[in-house]
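The primary structure of each chain is shown beneath.
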2 protein chains.
Amino acid sequence: MPADKIQLPDRMFHPTSIAVVGASSSTEETGWVKRLLDFDYKGQIYPINPKVKEIQGLRAYANICDAPDPVDYAILNVPARSTLQALRDCVAKGVKFVHCYTAGFGEDGSDEGKRLESEMTKMITGSRTRLLGPNCMGIYCPESGMTFSEDFPKEKGRIAVVSQSGAEASRLVLLCQDVNLYFSKVISYGNAADLDALDFLEYLAQDTETDVIALYVEGVKDGPAFMSAVRKCLGKKPVVILGAGTSENGARAALSHTASVTWPQETWKGFFKQIGAIPALTTDETADIIQGLNRIREMNGQSVAIVGRGGGIGVVATDICERAGLKVPPFSKETQAKLRGIRPDAGAGLRNPVEPKLGMEGATEFYLQGLPIIDADTETDIILIQMAVDIYGGHAPDLTQILTESAYALCAAADSIRKPLAVALFTGGRTDTVLAAAAARDILTKAGIAVFSGVESAARAIARIPLTKSQNSSNKQIPNLKK
Amino acid sequence: MPADKIQLPDRMFHPTSIAVVGASSSTEETGWVKRLLDFDYKGQIYPINPKVKEIQGLRAYANICDAPDPVDYAILNVPARSTLQALRDCVAKGVKFVHCYTAGFGEDGSDEGKRLESEMTKMITGSRTRLLGPNCMGIYCPESGMTFSEDFPKEKGRIAVVSQSGAEASRLVLLCQDVNLYFSKVISYGNAADLDALDFLEYLAQDTETDVIALYVEGVKDGPAFMSAVRKCLGKKPVVILGAGTSENGARAALSHTASVTWPQETWKGFFKQIGAIPALTTDETADIIQGLNRIREMNGQSVAIVGRGGGIGVVATDICERAGLKVPPFSKETQAKLRGIRPDAGAGLRNPVEPKLGMEGATEFYLQGLPIIDADTETDIILIQMAVDIYGGHAPDLTQILTESAYALCAAADSIRKPLAVALFTGGRTDTVLAAAAARDILTKAGIAVFSGVESAARAIARIPLTKSQNSSNKQIPNLKK
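Procedures and definitions
Residues numbered from 1 in each chain as written. Chains lettered and ligands numbered in written order. Predicted model: local features only at pLDDT ≥ 70, side-chain atom pairs only at ≥ 80, totals over all residues. Heavy atoms only, no water. Buried < 20%, exposed > 50% of the residue type's maximum accessible area, 1.4 Å probe, protein only. Helix = DSSP H or I, 4+ residues; strand = E, 2+ residues; numbered from the N terminus. Pairing = 2+ DSSP bridges. Right-handed = clockwise from strand over helix to strand, strands pointing away. Core = buried A, V, L, I, M, F, W, Y, C linked by side-chain atoms within 4.5 Å. Contact = heavy atoms within 4.5 Å. pLDDT = per-residue confidence, 0-100. Salt bridge = Lys/Arg side-chain N within 4 Å of Asp/Glu carboxyl O.

Focus on the pairing of strand β12 (residues 239-243) of chain B
Residue and element names in this part refer to chain B. With 5 of 5 residues buried, β12 is to be regarded as a mostly interior element. What you see with β12 is no split at all: V239, I241 and G243 on one side and V240 and L242 on the other are buried throughout. In terms of strand pairing, strand β11 (residues 212-217) meets β12 through 5 bridges, oriented parallel. Residue pairing in the sheet places L215 in a bridge with I241 of β12. In this region the chain leaves β11, passes through helix α6 (residues 223-234) and returns to the parallel neighbour β12; the handedness of that crossover is right-handed. Here β12 runs beside strand β13 (residues 278-280); their pairing, made up of 3 bridges, is parallel. Bridging across to β13, V240 finds its partner in I278.

Some remarks on the nonpolar core
In globular proteins that are soluble, nonpolar side chains generally tend to be buried together. Judged by nonpolar contacts, the single largest core of 215 residues is most densely connected at F226(A), I241(A), F226(B) and I241(B). Here I241(B) is in contact with L215(B), V217(B), F226(B), V230(B), W268(B), F271(B), F272(B), A277(B), I278(B), P279(B) and A280(B), once residues within four sequence places are set aside.

A look at unusual backbone geometry
Cis geometry marks the peptide bond from G133(A) to P134(A); its omega dihedral reads 0°. Position of P134(A) among the secondary structure elements: in the loop between β7 (130-132) and β8 (138-140). Cis geometry marks the peptide bond from N352(B) to P353(B), where omega comes out at 0°. With respect to the helices, strands and loops of the structure, P353(B) is situated in the loop between α11 (333-342) and α12 (359-369). Residue Q56(A) is not a glycine yet carries a positive backbone phi of 55°. Of note, A192(A) is a non-glycine position whose phi angle comes to about 55°, a positive value. The class for A192(A) is buried, based on a relative accessible area of 3%.

Comments concerning the confidence of the model for chain A
All names here are of chain A. In the predicted model, chain A carries a mean pLDDT of 91, and 94% of its residues have values of at least 70. In the predicted structure, residues 1-6 sits below a pLDDT of 50 and forms 12 contacts with residues beyond four places in sequence or in another chain. Note on residues 470-483: pLDDT is under 50 here. Beyond four places in sequence and across chains, it has 24 contacts. Complex prediction metrics read pTM 0.92 and ipTM 0.92.

Concerning the pattern of salt bridges
Under the defined criterion, the tally for this structure stands at 48 salt bridges over all chains. For D199(A), the salt bridge identified is with R130(A), shortest N-O distance 3.9 Å. Remark: R130(A) occurs in strand β7 and D199(A) occurs in helix α5 (residues 197-206); sequence separation between them is 69 residues. Each member of the pair, D199(A) as well as R130(A), is classed as buried. Put simply, E150(B) and R35(B) hold a salt bridge, and the shortest N to O gap is 3.0 Å. With E150(B) in the loop between β8 (138-140) and β9 (156-163) and R35(B) in helix α1 (residues 32-38), this residue pair connects regions lying 115 residues apart in the sequence. Salt bridges sharing common partners tie together E456(A), R460(A), E456(B) and R460(B).

Below, the structure written as structure tokens:
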């Protein structure tokens, strides 16, 4: 990172003007200009294209230097061979941030690609211009109307993503959207020729609009500086990190993807041990942990009360939780006695896991009568509810109605429960059960309840949530997140 | 197991008559009688209920002994306290198989429960009657029209399940149905007071209608006998085993569920190492392995060619595969050169993972042009195709059409591919992408292609498939399965 550069300012996420260099004049494909317009970007947009006069109803300019006003942010969408000239123009114009979308640089393994990338870095040295990329999707910031996908939600949230991969960032946004979680800033930064994870982390540590940070990183160029940047965040908010390219051939793939030299799994393990950030191994797990950090609060311990379906489903759920590092201890004698009071015919299924009466109606009844009893149990810290949609109610003709009623009952019960709560809502692929499950998930997550796609994903996420009364000093400082 | 008993005959799965002792006269709930009728059971049904004259249009009898003809199979659906008398009547009638659905015996932890179960076992000793259960769902055999759930498919298949848990067996049936896989015989056997896994395994080893056996087991009473029974199957067909209750509290939960004393994880590990059965840790994993055993053939090695989405998605997929024990080596120089011939502008994304042109149309084109090239690659053994539905085509208004066209193209390409093939078809929860994915999954699985819900589930399953040219003698004997 050039030493003479200014600290990353808020302007990057709230530019007053954006130029699209190489703006598409096609009316068929969705280009950067149309995407910004559709996403309600409120600033000035300057399409740069020497071949046309107008794009999407906006005046087009032959060169960025022709734009009548200063340009905060430029998106380079030109072939790799034309990038140097485009960047030179941006520097001349005094553009503050240049996002180079184009690929074909250090990551393609050719000498020419490496040379081009090195030239780009040299070109901005000593200038007021900072470079994002090359080979990246750039910025998604719903508040300012910046996006790199027309599929992203316009809703604002309090999660930030810093990702070398645009596709990984996209999957995280979409997976979180499914559970009604939204974002403050998402940054896809590709080859990191200039701006790197460090810069974004320093900014996000201070960002009052961000409560949780997720990082997808392939290469760490400066280990100690990276560690220091993550530490700055951890003092204020949790950081979950997916370190990719940890396997032998994953490392090779990452070199082809972003020209990154990755860390092996052992290095990451040491890093996590030392610093208290939260490790994730897959994109789905990252999304699950993000949800857990947002919705599972006041974890005083890792003992789980499993509610929902007993029998073999309960036995397997118990094994899954304990394999993930959690415990599923028997309820206290007092709790067991109270549960027998409301389910005198339940046999042995009241010890943990606890089995409501069969069917969704039985579950609904139990949420209202049984959860307060389990909330008072002294042996468990968190309640995990299994909603096994297919085997519960697959044959019910009014499945969606029954399940949504059950979800509303759980929301009502959850209001007076002090223990943290998580739901494993799972079903096979039969369309009616999938749609019913989606309706229930929407109700529950809108009420702020964490909903996972299975016991395994729930257990993995729960096991990663820092304990409120943790002995670990780096976790101690993480405040409870706003609801 | 009483020594004087006959070997388990086929009659258990194809009874000429079934009596339901304690048949429900309710017209509202679905009882055993209605379920058999709806499932097209062709034999004689005798409802036994002293309070009514007729159930579901069939003449009801006060006692099983009043049934006019011999009874092959009786289902006991009476309260636990009435079970002994009902069983006594069955023995007097000479019923060949009694399925005790009722719970509240050894598993409930009470002295009375244990006494009742022990009395049941004594009662059948020396008789011609064998007991299934108590505390179990019994038999699902689509060929004969026996079922314990109205949600189960009527289609016949070649998979058998032997499960102490009815709910686990049900989930397996439903998960496999989602990928168009069907069953020969499914047995839920609960507390195993008489008939145990051993008996079913000995039968299924010889069963010409069964190609693959899946086992959900909590307790193994006689280790050496169990091992010998599994060995008999392994000589003829693969056996996948979910050993449940392996964690400390999972063992406790299993004791409450089926009164079983479980094996810890270490014992299972030793067992699998010694015998060559395939271990599974969760129900979903069991279903994935069942699908793999049915559809992934001629595995000559564990090197995976990943096709579909490169970038970060490809890096993470590579890590997932290698963590599961697979390899993702670079393609041969020759393969890379040929791929460059059809994708000259692809940059670095041709080495493995390989990245088709963006969008589903790009994927479709690649299936037809690229897969034959990868099929000839000398460095890889199996092709794993990533269909990332949400990030590929979430914004396409005609997503289902594009995706189903892509699925048909893949089916066409697969016809001439010799390498085994698997698809990881994944999406978030957005309804349009879920429905499109379901349509594609249906097309692919009907064509006999293995489709998993993600790279992690695909990799886990692939890693469990025995190699065709394995050095392991227990695997050597497993023949290729019929298509």
